[in-house]
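Okay, here's what each chain looks like letter by letter:
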Amino acid sequence: LASLFAFGAHAADLPRLVTKEGRHALMVDGAPYLILGGQAHNSSNYPNALPKVWAAINDAQANTLEIPVAWEQIEATEGKFDFSYVDTLVTQAREKNVRLVLLWFGTWKNTGPGYLPAWVKFDNRRFPRMVDKAGKDSYCHSPFGTETLKADRKAFVALMEHLKKLDGEQHTVIMVQVENEVGTYGLVRDYGPAAQKAFNGPVPAAVLAKQKAPVSGKSSGTWQAVYGDYAEQYFHTWAIAHYIEEIAKAGRAVYDLPMFVNNAVRNAVEPLAPWKGNFASGGPTYDVIGIWKAAAPHIDVAAPDIYDHESNKIFATLDKFRRPDNALFVPEIGNSADLARVAWPVFGKGGIGFAPFGIDYFEFSNYPLGAKATDRTMVEPFAQIFGTFRPMMREWAQWAFEGRTQGVAESDERTPQTITLKNWTATVSYRQRQFGDQAAKDPMEGTDKPNGGLAVAQTGDNEFVVVGQRARIKFEPSGRHAGKPALYARVEEGRYDGKGNWVLERVWNGDQTDYGLNFGTTPTVLKVKIGTYQ
Ligand code: N0T
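Overview of the structure. (Residues numbered from 1 in each chain as written. Predicted model: local features only at pLDDT ≥ 70, side-chain atom pairs only at ≥ 80, totals over all residues. Heavy atoms only, no water.)

**Section: the site of the ligand**
- If you check the shell around the ligand, you find 13 residues, and the closest are Lys109, Asn110, Glu181, Glu332 and Asn366.
- A distance of 2.7 Å separates an oxygen atom of the ligand from a polar atom in the side chain of Glu332.
- Its free accessible area being 500 Å², the ligand has 71% of it covered by the protein chains.
- Residue classes in the shell around the ligand are distributed as 3 nonpolar, 5 polar and 5 charged. (Near = heavy atom within 4 Å. Polar contact = N/O pair within 3.5 Å; in protein donor to acceptor, adjacent residues only side chain to side chain. Areas by Shrake-Rupley, 256 points an atom, 1.4 Å probe, with all protein chains shown as cover. Nonpolar A, V, L, I, M, F, W, Y, C, P; charged D, E, K, R; others polar.)

**Brief notes about the side chain of Asp152**
- If you trace the backbone, Asp152 turns up in helix H5 (residues 146-167).
- Polar side-chain contacts of Asp152 include one of 2.5 Å to the side chain of Thr107. (Helix = DSSP H or I, 4+ residues; strand = E, 2+ residues; numbered from the N terminus.)

**Quick look at the packing of aromatic side chains**
- All chains considered together, the criterion is met by 30 aromatic pairs.
- Each ring, one from Trp223 and one from Tyr227, has its centre 6.0 Å from the other, and the planes form 40°; the classification is tilted. Of this pair, Trp223 and Tyr227 are both found in helix H8 (residues 223-227), 4 residues apart, which corresponds to roughly one turn of the helix.
- Of the aromatic side chains, those joined through ring pairs into one cluster are Trp344, Phe347, Phe354, Phe382, Phe386, Phe389, Trp396, Trp399, Tyr496 and Trp502. (Phe/Tyr/Trp six-rings, centres within 6.5 Å; stacked < 30°, edge-to-face > 60°.)

**Looking at unusual backbone geometry**
- The linkage connecting Tyr367 with the following residue, Pro368, adopts the cis geometry, with an omega of 10°.
- By the element assignment, Pro368 lies in the loop between strand S13 (353-356) and helix H13 (376-389).
- Of note, the phi angle at His171 is positive, near 60°, even though the residue is not glycine.
- For His171, the position within the fold is in the loop between H5 and strand S9 (173-180).
- Positive phi values are uncommon outside glycine, yet Arg414 reaches one of about 70°.
- Within the element layout of this structure, Arg414 appears in the loop between strand S14 (405-409) and strand S15 (417-421).
- Here Arg414 falls in the buried class, since its relative accessible area comes to 16%. (Buried < 20%, exposed > 50% of the residue type's maximum accessible area, 1.4 Å probe, protein only.)

**Structural notes on the pairing of strand S6 (residues 99-109)**
- The buried count for S6 comes to 11 of 11 residues, which makes it a mostly enclosed element.
- Pairing of S6 with S9, which is carried by 6 bridges, proceeds in the parallel orientation. Bridging from a neighbouring strand, Leu100 pairs with Val173 of S9. (Pairing = 2+ DSSP bridges.)

The following block contains the structure:
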């Protein structure tokens, strides 16, 4: 038996998130896995809706479907569980050879109560909303609702028990999102009696250790004393994170899958300032990831949902969520063509996954967050990139985990970018003709809007795998090679075959290398070897 396990993939291993030297990997069947994902629309979580989901997931070349499981659908009547949808979903995912990330829509969906069973939604005594200073109800359920927590946790545990029975061997489901875009709009925290009492108490030591005070510099005391103008937001964050921790911990005690929370992001470019109604207070925004780490250790990742279209905001968000204690994962991004290129830096910077939102063929468009189109043209830009990575996603995820990869996307300014590699510096530029050095005045066909990107893995001292689209890369010697002349030793165009073998199509030379390595409209994979002499 031992020898069987020497062959690499271990189907018996539970999916898990591992961290080494500040880098992260989502292990699936015992090896790093890259989520080339698509998230279904909010109402597609029913057996008869799945055909329109699978069609789009297939066209998108995704290897993973993210899809809700709603509390209202599994426990319409208190204590009576129905998992028939989950059974159908998992069975079909296996047939399609697609993995699943399940999204638990419970107490909070985009902060609101939409997916609660009616017996929870309308019982405001047993399951109270937050109240403001005047005692008026918010729309949002209180994280101090002990009965709400108990009931949500019970349903979630039932789901995890069911999953363990159904999928404990095969691991079609690789990760679970707990709630969706939590926090509260319009009210910074709960002012009910239980909340008020906790707010007047000391900040828990675990929070103090992981979340520094932006202003006071104090290292103990009440929320107000330590966190000043940030106290109410931070307190609410702790309350929600603590609530979610109780749910995740109980779920993982029965079936230990990786779990994450997603975030409706706050502006990552403007200077940090206290909450003033400009984002959902209490959610895992970039500024409070420390509180989430302290209060919710059973949540592996705080993940940004990206619906901005300005590249500076997007890149800043990626930087803020990519931390030694937090894996970069983009579980939602608008499904418009301009956002497909964000996959390049996510995959290049060691992200564990990337999933456009709204990947099914129901005629619903969340434009201007995402695409206007709801047909095949909507998935096409993502399909190009996913289709290129899919046969090499195991290799790529391994290189990323080893810290060998980098990636960039074209900015709105469309200016060149520099990538620092070991003893090499690469410059990536956009809109270049493929032949010659003329740029923006007479740009490459199909580059009227920013849509280029590129990712590179340094697989050896002077060896690289480069994947790109509508971009040019040039390598310059640096570090140990600085000042030496450099020449391509060999540039191979080809692809990985999905089984670890490289299949050569042709060798680039002459026109194809004279002006840098130029990637066209269709993503291309190159194996590059460069040499120097003295
Ligand atoms: C997302 C999705 C779905 C820059 C929106 C985004 C999904 C949820 N919410 O289609 O509802 O379930 O996670 C909120 C973005 C707010 C506007 C940002 C403008």
